[in-house]
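Now for the letters of each chain:
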Amino acid sequence: KEIRIFAPGTVANVACGFDVMGFALDSPGDEMVLRTIPEKTVRITKVDGFNLPLEAAKNVAGVALLSLLNEVKEMVGFEVEIYKKIKPGSGIGSSAASSAGAVVAANKLLGEPFSKTDLARFAMEGERLASGTAHADNVAPAIFGGFTLVRSYQPLDIISIDTPDELYATVIHPQIEVKTSDAREILKRNVLLKDAIRQWGNVGGLVAGLMKSDYNLISRSLEDAIVEPIRSILIPAFQEVKLKSKEAGALGGGISGSGPSIFMLSRGEETAQRVKSIMAEIYDKVGIDYDIHLSKVN
Ligand code: HSE
């Protein structure tokens, strides 16, 4: 049996929700082909796009699949082809797309014995290999679709959050690489109580704003008092992109995942298009190459 799937890029953190919030993008995304084989093993036969390891134990999709196979009794395994479109180190969930895509496809081939939360648990092993931490804020939206909240890691509890009809994301990916492991290394280990208060107020506000379709509340809640002040230093023109996008009508935004990509949310496609032009203009001026993507958030 064989299956071909699309594995979407994702925006993790969404400003205030470090390691707990994320949403899926329409594009970019990876494509993967999986085939069942009558051996309990994972064979990656092709990685097209970037120079990533074929050895299953060193490949995020391979590791995620091995972790799934650990819980399968039948004598079955997988052959995998990966057509990568999302550049590693982009901040739009490149490793998560491969890990999540692989286990979703495998689950379909097996007749769906696993829940989405099980699949997230397997895919998180890919994230552990990629960044040193098994964070779920990219794999959750890649598997569940739409906007997700990781309410708890132990036990793993993932919640789908409804989003308003006219919510769009614009994501710019400057062509510099920021390794998630490095971007985590520079973070402080402790948080001040006053910053934590501000942050959980915003997390609650963002979730409430999304569910009530209250764009103003979404806008007020897109603030990160803890991670962004440290990581934004790694991203050229970050403050200017944020400021000018908001002047153009964006609700707000921040660093996509661990960067260097920047996301901005807007009400309506027209505003999101305007934000796209502004972002492009700024990076043209700075002289850094970029990709830019527009997605409906749903
Ligand atoms: N929550 C993770 C981080 C996402 O910010 O390190 C990485 O894409």
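Note that the structure is predicted; figures quoted are calculated from it, not measured. (Residues numbered from 1 in each chain as written. Predicted model: local features only at pLDDT ≥ 70, side-chain atom pairs only at ≥ 80, totals over all residues.)

Participant: What exactly am I supposed to notice about the nonpolar core here?
Facilitator: A general feature of soluble globular proteins is that nonpolar side chains tend to end up buried together. V103 and A123 are the most contacted members of the largest nonpolar core, which has 81 residues in total. A per-element tally of this core places helix 2 (residues 94–109) first, with eight residues. Those residues in contact with V103 that sit more than four places away from it in its chain are A64, L65, L68, L119, F122 and A123. (Core = buried A, V, L, I, M, F, W, Y, C linked by C-beta atoms within 7 Å. Buried ≥ 20, exposed ≤ 12 C-beta atoms within 10 Å, placed from the backbone. Helix = DSSP H or I, 4+ residues; strand = E, 2+ residues; numbered from the N terminus. Contact = placed C-beta atoms within 7 Å.)

Participant: Hey, could you run me through helix 10 (residues 269–286) in this one?
Facilitator: Think of an α-helix as turning once every 3.6 residues; residues three or four places apart then point the same way. Across its 18 residues, helix 10 extends 26 Å between first and last C-alpha, which sits within 8% of the 26 Å expected from 1.5 Å per residue. Listing the buried residues of helix 10 in full gives T271, A272, V275, K276, I278, M279, I282 and Y283. Residues of helix 10 that are buried make contact with strand 7 (167–174), helix 9 (238–247), strand 9 (262–267) and strand 10 (290–296). G287 lies just past helix 10 and shows a positive phi near 85°. (Expected span 1.5 Å × (residues − 1).)

Participant: Help me out: how do you make sense of the confidence of the model for the protein in this one?
Facilitator: Any residue range with low pLDDT should be treated as having predicted coordinates unsuitable for detailed reading. Residues with a pLDDT of 70 or more make up 100% of the protein, whose mean pLDDT is 97. Taken together, the chains of this predicted complex give a pTM of 0.97 and an interface ipTM of 0.99. (pLDDT = per-residue confidence, 0-100.)

Participant: Mind showing me how you'd approach the sheet that holds strand 7 here?
Facilitator: Think of a sheet as strands paired side by side through backbone hydrogen bonds, with each pair either parallel or antiparallel. Strand order in the open sheet formed by four strands is 8-9-7-10, with antiparallel pairing between adjacent strands. Two strands bound the open sheet, and with one partner strand each, they are strand 8 (252–255) and strand 10. Neighbour-to-neighbour, the strand axes of the sheet open up by a mean angle of 15°, direction not taken into account. As paired strands, strand 7 and strand 10 are joined by seven bridges and run antiparallel to one another. (Pairing = 2+ DSSP bridges. Axes fitted to C-alpha atoms, helices over the stretch in contact; angles between N-to-C directions.)

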